[in-house]
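Chain residues, written in single-letter form:
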Amino acid sequence: MLRVENITRDFGGLRVLDDVIFEIEEGTIYGIIGPNGAGKTTLFNIISGLLKPTGGRIIFNTIDITGLKPHAITAAGISRTFQNIRIFKEMTLLENVLVGMHRLFSYSAVSMLFELKKKRREEKELREKAYDILSIVRLSEKAGLKAESLSYGEQRKLELARALATEPKLILVDEPAAGMNPAETEELMGEIVRINSRKYTICLIEHDMKVVMGICRRIGVLNFGKFIAQGSPDEIKNNPLVIEAYLGRDETGA
Amino acid sequence: MFYQQLANALALGAVYSLFAIGFTLIFGVMEIITLAHGAVFMVGAFAGYTAATKFGLGIIPCLIISMAASGFIGFVLDLVAIRPLRKKKFHHLAPMIATIGCATIITSIYQGIFGAEAYRFPFDFVPNENYEFRGIQLTQLQLTIIFTSFILMIMMIFFLNKTKWGKAVRAVAENSRTGALLGIPVERVYQFTMIISSSFGGAAGVLTGLNFNTIHTFMGGPILHRGIAVIILGGMGDIRGAMAGGLILGFAEVLSVAYISSDFRDAVSFGLLFLILLIRPSGIFGKKIERKG
């Protein structure tokens with residue numbers, strides 16, 4: 001479904017991503033793990049169009065999406081969440097989801113002028129759909145509240161809901177466990193599995209190996225900008241390169 | 001007497017609110033202060049005046065023409081002065097300077113055409129009738145001003161909260177990059193914000209011209225200062241704050257004229273604003289400054 005081919009990215013003289021190659025199959029939960037600073041978020045920024053790669057290609061369902069603008073990539077069917085949550089805090093939960101859905105409708109000047117006359121039915125359908133999306137992450141009861149009133153864990157779920165609203169095929173989830181306690185993390189992983197069971201493919205970044213081992217079917221390991229291993233969770237767990245990346249070469253009692 | 005002053009203050013404050021609501025929206029969405037908003041106000045007043053005297057139109061068509069003219073000026077301002085700087089990512093100060101330049105150019109052109117004298121709307125443009133509510137005299141003019149201002153402001157609030165474009169504007173105001181990622185056409189939202197905010201400024205120009213029964217090419221300066229005070233008082237970028245701030249300033253001015261002295265009008269009202277800001281530095285509805293991610 002998503003093929004990352006030889007992606008390289010330099011910042012100044014520093015090579016942050018070095019010839020990254022991997023493929024995500026449709027319907028799976030793919031985990032990308034690696035220590036902090038390994039280049040994980042840079043990789044997401046490139047896939048979602050916020051950064052351009054120095055070299056390489058990204059193929060999504062046989063279409064080359066390398067270097068497209070972020071909204072075009074959203075339109076192609078890839079949405080994402082951020083490590084530092086970026087919901088619209090001044091808006092209600094429902095409005096957050098609606099803004100995500102509006103891409104599906106045109107923003108032409110004419111539509112603006114005639115918006116007031118638009119059939120109520122259409123607006124109602126949109127709202128019902130937004131409720132459905134909120135109920136996937138079990139937030140529909142709070143639909144009318146301002147997003148800033150949510151707990152940290154709930155804000156993450158709302159961001160997931162907004163990502164769902166753009167009708168993606170692939171969702172990139174950036175370090176969902178960051179800043180959450182173990183109970184919240186576990187709950188959120190449950191949500192991600194539930195979302196995945198609704199035919200959404202998910203790619204998850206995480207630096208904490210334990211978080212992803214349980215839910216990912218395949219895992220890629222990024223270290224200093226290079227993909228050092230790929231495979232099932234069990235294979236990754238026992239891979240000497242991975243153990244070295246995480247624990248260091250000299251095990252001085254750490 | 002006191003209640004009578006309140007009625008006068010309401011008419012004055014409503015227009016300040018109307019002017020400030022667009023001013024603060026531009027700041028909230030585009031993160032710039034456009035110092036041409038006073039000139040836009042003046043253009044709106046003259047467009048309304050021209051429509052009334054040259055074409056003999058009534059107040060509603062005059063308002064519509066004024067809003068169209070000032071909205072167009074807002075669009076041009078964005079196109080020539082703000083957008084090129086936005087593209088180069090000079091976000092805050094450069095557009096402010098650029099809009100000072102534009103304001104000067106616009107004002108000079110109008111002085112070339114209209115000179116420095118004061119103009120008046122035609123006699124009985126708004127019928128000269130009085131209404132009395134429980135001892136308070138309200139002229140039809142005051143009622144018209146209050147009514148028009150509040151209808152426009154309610155329309156703005158409805159637009160921002162209930163429509164798709166309104167939600168897009170609010171989303172961009174909070175985080176333009178996330179908005180862009182979700183497919184909101186951020187550039188068009190900016191243009192649209194300039195147009196609608198400027199048209200509100202223009203409507204305020206017509207209403208001010210009616211209220212004081214005079215319009216002139218320098219009228220943009222004083223309102224600009226008040227507008228800045230109002231949006232800071234209300235909390236930068238906050239629509240409700242701009243409405244409340246405009247009314248507070250209107251009341252402060254009218255009451256200081258009535259009970260102290262007209263010489264001290266600005267000193268008293270701006271002194272009051274300063275006091276409020278000492279207590280609430282981020283404005284009435286302002287939030288603590290929070291960095292956008």
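Cut-offs used in this document
Residues numbered from 1 in each chain as written. Chains lettered and ligands numbered in written order. Predicted model: local features only at pLDDT ≥ 70, side-chain atom pairs only at ≥ 80, totals over all residues. Helix = DSSP H or I, 4+ residues; strand = E, 2+ residues; numbered from the N terminus. Buried ≥ 20, exposed ≤ 12 C-beta atoms within 10 Å, placed from the backbone. Contact = placed C-beta atoms within 7 Å. Nonpolar A, V, L, I, M, F, W, Y, C, P; charged D, E, K, R; others polar. Axes fitted to C-alpha atoms, helices over the stretch in contact; angles between N-to-C directions. Parallel < 35°, antiparallel > 145°, perpendicular 65-115°, else oblique. Left-handed = near helix turned anticlockwise from the far one by under 90°. Expected span 1.5 Å × (residues − 1). Pairing = 2+ DSSP bridges. Right-handed = clockwise from strand over helix to strand, strands pointing away. pLDDT = per-residue confidence, 0-100. Core = buried A, V, L, I, M, F, W, Y, C linked by C-beta atoms within 7 Å.

Caption draft 1: Main features of the overall build of chain A. When you go through chain A residue by residue, the secondary structure sums to ten helices and ten strands. Relative to its 254 residues, chain A shows a buried fraction of 41%. If you take every contact in chain A between residues at least 6 apart in sequence, the share linking residues at least 24 apart comes to 68%.

Caption draft 2: Structural view of the interface of chain B and chain A. Taken together, the 17 residues of chain B in the interface contact 20 residues of chain A. Elements supplying a minimum of two residues to the side of chain B that touches chain A: α6 (164–174) and α7 (176–181) of chain B. Ranked by the residues each element gives to the side of chain B that touches chain A, the list is headed by α6(B), at seven residues. For the side of chain B that touches chain A, the class distribution of residues is seven nonpolar, five polar and five charged.

Caption draft 3: Region of interest: the packing of helix α2 (residues 37–54) of chain B against helix α4 (residues 93–114) of chain B. All names here are of chain B. The geometry of α2 relative to α4 is characterised by a closest axis approach of 9 Å and an angle of 30 degrees between their N-to-C directions. In this view, α2 runs roughly parallel relative to α4, as classed from their interaxial angle. Of the two possible hands of crossing, α2 and α4 adopt the one that is left-handed. Touching G38, A39, M42, V43 and F46 of α2 are A103, I106, T107, Y110 and F114, all from α4. Looking at the contact of α2 with α4, its residues break down into eight nonpolar, two polar and no charged.

Caption draft 4: Broad picture of helix α8 (residues 186–211) of chain B. Residue and element names in this part refer to chain B. Here α8 is 26 residues long and its end C-alpha atoms lie 37 Å apart, about the 38 Å a rise of 1.5 Å per residue gives. Of all 26 residues making up α8, 21 are buried, and the element is well covered by its neighbours. Looking at the residues trailing α8, positive phi occurs at N213, about 50 degrees.

Caption draft 5: Structural context of unusual backbone geometry. Backbone geometry places K199(A), a non-glycine residue, at a positive phi of 75 degrees. Along the chain, the position of K199(A) falls in the loop between α7 (182–196) and β8 (201–206).

Caption draft 6: Examining the environment of G286(B) more closely. Residue and element names in this part refer to chain B. By the secondary structure assignment, G286 is in the segment after α11 (265–279). Owing to 19 C-beta atoms within 10 Å, G286 belongs among the partly exposed residues under this scheme. If near-sequence neighbours (up to four positions away) are discounted, G286 is found in contact with G235, M236, D238 and G241.

Caption draft 7: Spotlight on the pairing of strand β7 (residues 170–174) of chain A. Residue and element names in this part refer to chain A. Counting buried residues along β7, five of its five residues qualify, which places the element largely inside the surrounding structure. Neither face of β7 is left uncovered, since the one carrying L170, L172 and D174 and the one carrying I171 and V173 both have all their residues buried. Bridge count between strand β6 (residues 78–80) and β7: three bridges; the pairing is parallel. Bridge pairing in β7 links I78 to L170. Between the parallel pair β7 and β8, the chain is carried across by α7, and the sense of this crossover is right-handed.

Caption draft 8: Quick look at the pairing of strand β2 (residues 14–24) of chain A. Pairing geometry for strand β1 (residues 2–11) of chain A and β2(A), over seven bridges, is antiparallel. Counted as the bridge partner of R9(A) is L17(A) from β2(A).

Caption draft 9: Region of the structure containing the packing of α2(B) against helix α3 (residues 59–87) of chain B. Residue and element names in this part refer to chain B. Running from N to C, α2 and α3 point in directions that differ by 145 degrees, and their axes come no closer than 8 Å. Note on packing geometry: the crossing formed by α2 with α3 is right-handed. Residue-level contacts link V40, V43, G44, A47, G48, A51 and A52 of α2 to P61, C62, L63, I65, S66, M67, A69, S70, I73 and G74 of α3. Partitioning the contact of α2 with α3 into residue classes produces twelve nonpolar, five polar and no charged.

Caption draft 10: Layout of the confidence of the model for chain A. Mean pLDDT for chain A: 86, with 89% of residues reaching 70 or above. For chain A, the element scoring lowest by mean pLDDT is helix α4 (residues 109–113) of chain A, at 56; β7(A) scores highest, at 94.

Caption draft 11: Broad picture of the environment of G67(A). All names here are of chain A. With respect to the helices and strands, G67 occurs in the loop between β5 (63–64) and α2 (70–76). Residue class for G67 comes out partly exposed when judged on the 14 C-beta atoms lying within 10 Å of it. In this structure, the C-alpha to C-alpha distance between G67 and K226, residues 159 residues apart in sequence, is 21 Å.

Caption draft 12: Broad picture of the nonpolar core. Among the nonpolar cores identified, the biggest contains 157 residues, and V97(A), A161(A), L204(A), L18(B) and I21(B) are the most heavily contacted of them. In terms of residues, this core owes the most to one element, helix α1 (residues 2–30) of chain B, which gives 17 residues. Once you skip the residues sitting within four places of it in the chain, L18(B) turns out to touch S149(B), L152(B), M153(B), F200(B), A203(B), A204(B) and L207(B).

Caption draft 13: Structural context of the sheet that holds β5(A). All names here are of chain A. With antiparallel pairing, the four strands of this open sheet are ordered in space as β2-β1-β4-β5. Each having just a single partner strand, β2 and β5 make up the two edges of the open sheet. The pairing of strand β4 (residues 55–60) with β5 spans two bridges and is classified as antiparallel. Paired with F60 across the two strands is I63, which belongs to β5. Running at roughly 65 degrees to β2, helix α1 (residues 40–47) makes contact with β1, β2 and β4 of the sheet.

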